[in-house]
Amino acid sequence: MTDHTAVTSDHIATLHTPVLTAQILQLLSPVLEGEQPTTVIDATLGMGGHSHAILSAFPNAQVIGIDRDPQALQLASQRLAPFADRFRCVHTTYDRIDTVSDQPVDAILMDLGVSSLQLDEDERGFSYSRPAALDMRMDTTATTTAADLVNQASEDELTRILRQWGEERFARRIAQAIVRERAHQPIENSQQLAELVREAIPAATRRHGGHPAKRTFQALRIAVNEELTILERALPAALGSLKIGGRLLVESYHSLEDRIVKQLFVAGSQDETPLGLPVPLEQDSPPLKLLTRKPIKADAEEIATNPRAQSVRLRAVQLQKTYPQPEPENNYPVRRKKR
């Protein structure tokens, strides 16, 4: 694995360009501007690009950064060293967001998906364009890799993963090809898997829609890192960690993520006052206020300079009253906070 201990903070800044930074700062401004101290949780710290922008723009803001990737925490901490008195980081998954602050916070930012650090380092195994071990773990201390799934999961389980999380039309064909191949030799290399997927997909389909292995790699990455399960837990936990009037911003990069975010935000913003009453009832007022009726997308100029911005969808809400929490799970207790 690449040694980042000697990398300069200026070089770290060139490794990743945060998406929609100006729009995020604008959405955060109403709750972070002013002379009073404020707190933001950057729930997907990555290499600290968004946190750097927030700390630079709002001198009275403190940032708590969360990431499951120890490499990311190391790099971000180095980059944000000039703000050491206003920044700290926590190694955890962001569905544990309610454990990182003793007090409700003013804002939370989630920048979902895989980071540039993970995509660009061959040894992480996220890319189908370069040969690498099939790893795909965002948290390198976790145990299950993509190679484990590919070589051990049943044909039915592989089909389900590819269909559900990759929205892959040819999930069964790809799963069958994987099972046939691994009967002769283990599938341990990203290009080996990418070529296997390419051959399993009809030639006519391969001519359009990008790389034929794109959906397979997305599905395996989501499965290895439990991304959507964690997101479904993280959103209510984040809303339960905000002050009344606080804001939650979420950047999504594919339809599965965005659908989960949109459905929760829309449901939480619906007034439950019975039809026919002349005025809304306070007890039936929605806990959330939509700050973005439609998702914010990157413009052509940003996409030209940062192609990874092309698929981003930014949604934001403001907390108007305590958000109801789901029943706590055994491994993820929900801590109730006083308002």
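Residues numbered from 1 in each chain as written. Predicted model: local features only at pLDDT ≥ 70, side-chain atom pairs only at ≥ 80, totals over all residues. Heavy atoms only, no water.

J.: How should the layout of surface pockets be read in this particular structure?
T.: Estimates place the volume of the second largest pocket at around 300 Å³. Contributions of two or more residues to the lining of the second largest pocket are made by α11 (214-225) and α12 (227-239). Looking at the lining of the second largest pocket residue by residue, the class counts come to five nonpolar, five polar and six charged. (1 Å grid on protein atoms, 1.4 Å probe; cavity = no way out; pocket = protein on both sides within 12 Å on 5 of 7 lines; lining within 4 Å. Points joined across faces, edges and corners; volume = space filled by probe spheres on them. Helix = DSSP H or I, 4+ residues; strand = E, 2+ residues; numbered from the N terminus. Nonpolar A, V, L, I, M, F, W, Y, C, P; charged D, E, K, R; others polar.)

J.: When you look at the environment of Ile108 in this model, what are you seeing that I'm missing?
T.: Locating Ile108 in the fold gives a position in strand β4 (residues 105-111). Once the C-alpha coordinates of Ile108 and Ser241 are considered, the two residues, 133 residues apart in sequence, prove to be 8.7 Å apart. Other than its neighbours up to four places away in sequence, Ile108 contacts Ile41, Ala43, Ile97, Ala238, Ser241, Leu242, Arg247, Leu248 and Leu249. (Contact = heavy atoms within 4.5 Å.)

J.: Just to check I follow, could you spell out the environment of Asp271 for this structure?
T.: Within the element layout of this structure, Asp271 appears in the loop between α13 (255-268) and β6 (288-290). Residue Asp271 is classed as partly exposed on the basis of its relative accessible area of 38%. The spatial distance from the C-alpha of Asp271 to the C-alpha of Leu288 is 9.6 Å, given a sequence separation of 17 residues. (Buried < 20%, exposed > 50% of the residue type's maximum accessible area, 1.4 Å probe, protein only.)

J.: Looking at this structure, I do not really get the packing of aromatic side chains. What am I missing?
T.: The relative placement of two aromatic rings is captured by the distance of their centres and the angle of their planes. This structure, assessed with the given rule, holds zero aromatic pairs. Over the ring of Trp165 we find Arg160, and its NZ or CZ is 5.0 Å from the ring centre. (Phe/Tyr/Trp six-rings, centres within 6.5 Å; stacked < 30°, edge-to-face > 60°. Lys NZ or Arg CZ within 6 Å of the ring centre and 35° of its normal.)

J.: Explain unusual backbone geometry here, please?
T.: In most cases, non-glycine residues show a negative phi, while peptide bonds are predominantly trans. Although it is not a glycine, Met136 sits at a positive phi angle of roughly 70 degrees. Tracing the chain through its elements places Met136 in the loop between α5 (116-120) and α6 (146-152). Using a relative accessible area of 0% as the deciding quantity, one classes Met136 as buried. Positioned with a positive phi, Glu167 is a non-glycine residue whose angle comes to about 50 degrees. Tracing the sequence through the fold places Glu167 in the loop between α7 (155-166) and α8 (171-182). For Glu167, a relative accessible area of 33% corresponds to the partly exposed category.

J.: Looking at this structure, I do not really get the side chain of His254. What am I missing?
T.: Structurally, the position occupied by His254 is in the loop between β5 (242-252) and α13. Leaving out residues up to four positions away in the same chain, His254 has contacts with Gln218, Arg221, Ile222 and Leu228.

J.: Please clarify how the packing of helix α2 (residues 21-32) against helix α3 (residues 49-57) should be interpreted in this entry.
T.: Helix-helix packing: each pair is described by the crossing angle between the helix axes and the interaxial distance. Packing of α2 against α3 leaves a shortest axis separation of 11 Å and a crossing angle of 45 degrees. What the angle tells us is that α2 and α3 run oblique. Our pair here, α2 against α3, has a crossing hand that is right-handed. Contacts between α2 and α3 involve Thr21, Ile24, Leu25, Leu28 and Leu32 from the former and His50, Ala53, Ile54 and Ala57 from the latter. (Axes fitted to C-alpha atoms, helices over the stretch in contact; angles between N-to-C directions. Parallel < 35°, antiparallel > 145°, perpendicular 65-115°, else oblique. Left-handed = near helix turned anticlockwise from the far one by under 90°.)

J.: Would you take a moment to explain α8 for this structure?
T.: Helix length check: α8 (twelve residues) gives 17 Å between terminal C-alpha atoms against 16 Å at 1.5 Å per residue, within 8%. Within α8, burial applies to Ala171, Ile174, Ala175, Ala177 and Ile178. Projected down its long axis, α8 carries its buried residues within an arc of 160 degrees, all on one side. Considering only its buried residues, α8 is in contact with α6, α7, α9 (190-200) and α11. (Expected span 1.5 Å × (residues − 1). Arc of directions from axis to C-beta.)

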